[in-house]
Amino acid sequence: MDAWLFAIGPIAGLAAASVALPLALQSHAGLDVAVAAAVVLLTLLLPLWLLLDTNYTMTEDELRVRSGPFRWRIALGDVREVSPSRSWISSPALSLDRLRIRYGAGRSILVSPREKQRFVDSLRQRCPAVLVTGF
């Protein structure tokens, strides 16, 4: 996990709170306060949920990716290629030191397992036809 990524969540939450809560409290409207509270909670809780609950599980026939409320199930038979990536594209990865997994018909996902080489070796073992590039 990249340290800067860990800091983004609380900073976003504090920024949202510093803007939304004073405005909502000045309006004295219950709905405004409720909306502001929901925004603040989401900006605080969602990043925390993503940080604490992002993981990758490989079974005999699929790769399960979990990141907070988001889930992916990728059939290992559909995996075509694995390569390193430093892309900033939003993904279930807690680091910019990522792996791009291409699967299915033009689909891909970025992941950042702690032990990249072990992850790739495990994927190779389960998907002997996978093309591994850039290592």
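As shown above, the structure is provided for reference.
These numbers come from a predicted model, not from an experiment.

What about the overall build of the protein chain?
Right, so step 1: Assigned secondary structure in the protein chain consists of 3 helices and 7 strands.
Right, so step 2: Dimensions of the protein chain, computed from the C-alpha atoms along their principal axes, are close to 65 × 25 × 25 Å.
Right, so step 3: Relative to its full complement of 135 residues, the protein chain shows a buried share of 38%.
Right, so step 4: For the protein chain, restricting intrachain contacts to residue pairs at least 6 apart in sequence, the fraction spanning at least 24 positions comes to 38%.

Side note on the sheet that holds strand 6 (residues 107-111)
Right, so step 1: Sheet architecture is open: 4 strands sit in the order 6-5-4-7, paired in mixed fashion. In this open sheet, the two strands that pair with only one neighbour each are strand 6 and strand 7 (131-132).
Right, so step 2: As defined by bridge partners, strand 4 (residues 79-85) adjoins strand 7 across 2 bridges and the pair is classed as parallel. If you follow Glu81 over to strand 7, its bridge partner there is Leu131.
Right, so step 3: With respect to the sheet, helix 3 (residues 116-126) is in contact with strand 4, strand 5 (98-103), strand 6 and strand 7, its orientation differing from that of strand 5 by roughly 20°.

Concerning the environment of Ser91
Right, so step 1: Considering the arrangement of structural elements, one finds Ser91 in the loop between strand 4 and strand 5.
Right, so step 2: Taking C-alpha positions, Ser91 is 6.9 Å from Ile109, a pair spaced 18 residues apart along the chain.
Right, so step 3: If near-sequence neighbours (up to four positions away) are discounted, Ser91 is found in contact with Arg98 and Leu110.
Right, so step 4: Looking at Ser91, its side chain comes within polar contact range of the side chain of Arg98, at 3.1 Å.

Examining the nonpolar core
Right, so step 1: Of all hydrophobic cores here, the largest spans 20 residues; its most connected members are Leu63, Val79, Val82, Ile101, Phe119 and Leu123.
Right, so step 2: At the level of secondary structure, the elements contributing two or more residues to this core comprise strand 1 (54-58), strand 2 (62-67), strand 4, strand 5, strand 6 and helix 3.
Right, so step 3: Among the nonpolar cores identified, the runner-up in size contains 5 residues, and Ala17, Ala20, Ala36 and Val40 belong to it.

Focus on helix 2 (residues 30-52)
Since one α-helical turn is 3.6 residues long, residues separated by three or four positions face the same way.
Right, so step 1: Between its first and last C-alpha atoms helix 2 spans 32 Å; for 23 residues at 1.5 Å apiece the expected length is 33 Å, and the two agree.
Right, so step 2: Buried residues of helix 2: Ala36, Val40, Pro47 and Leu51, and no others.

Considering the packing of aromatic side chains
Right, so step 1: The tally for this structure, following the rule as stated, stands at 1 aromatic pair.
Right, so step 2: Considering the side-chain rings of Tyr56 and Phe119, the 6.3 Å spacing of their centres and the 70° angle between planes classify their relative orientation as edge-to-face. Remark: Phe119 occurs in helix 3 and Tyr56 occurs in strand 1; sequence separation between them is 63 residues. As far as the burial class goes, Tyr56 and Phe119 line up, both buried.

Thoughts on the pattern of salt bridges
Right, so step 1: Within this structure, the stated rule accounts for 6 salt bridges.
Right, so step 2: The partner of Glu62 in a salt bridge is Arg73, with the nearest N and O atoms 2.8 Å apart. Highlighted residues: Glu62 in strand 2 and Arg73 in strand 3 (residues 70-75), separated in sequence by 11 residues.
Right, so step 3: Linking Lys116 and Asp97 is a salt bridge whose minimum nitrogen-to-oxygen distance equals 2.7 Å. Of the two residues, Lys116 is situated in helix 3 and Asp97 in the loop between strand 4 and strand 5; the sequence distance between them amounts to 19 residues.
Right, so step 4: Overall, Asp97 belongs to the partly exposed group, its relative accessible area being 37%.

The rules we used
- Residues numbered from 1 in each chain as written.
- Predicted model: local features only at pLDDT ≥ 70, side-chain atom pairs only at ≥ 80, totals over all residues.
- Heavy atoms only, no water.
- Helix = DSSP H or I, 4+ residues; strand = E, 2+ residues; numbered from the N terminus.
- Buried < 20%, exposed > 50% of the residue type's maximum accessible area, 1.4 Å probe, protein only.
- Contact = heavy atoms within 4.5 Å.
- Pairing = 2+ DSSP bridges.
- Axes fitted to C-alpha atoms, helices over the stretch in contact; angles between N-to-C directions.
- Polar contact = N/O pair within 3.5 Å; in protein donor to acceptor, adjacent residues only side chain to side chain.
- Core = buried A, V, L, I, M, F, W, Y, C linked by side-chain atoms within 4.5 Å.
- Expected span 1.5 Å × (residues − 1).
- Phe/Tyr/Trp six-rings, centres within 6.5 Å; stacked < 30°, edge-to-face > 60°.
- Salt bridge = Lys/Arg side-chain N within 4 Å of Asp/Glu carboxyl O.

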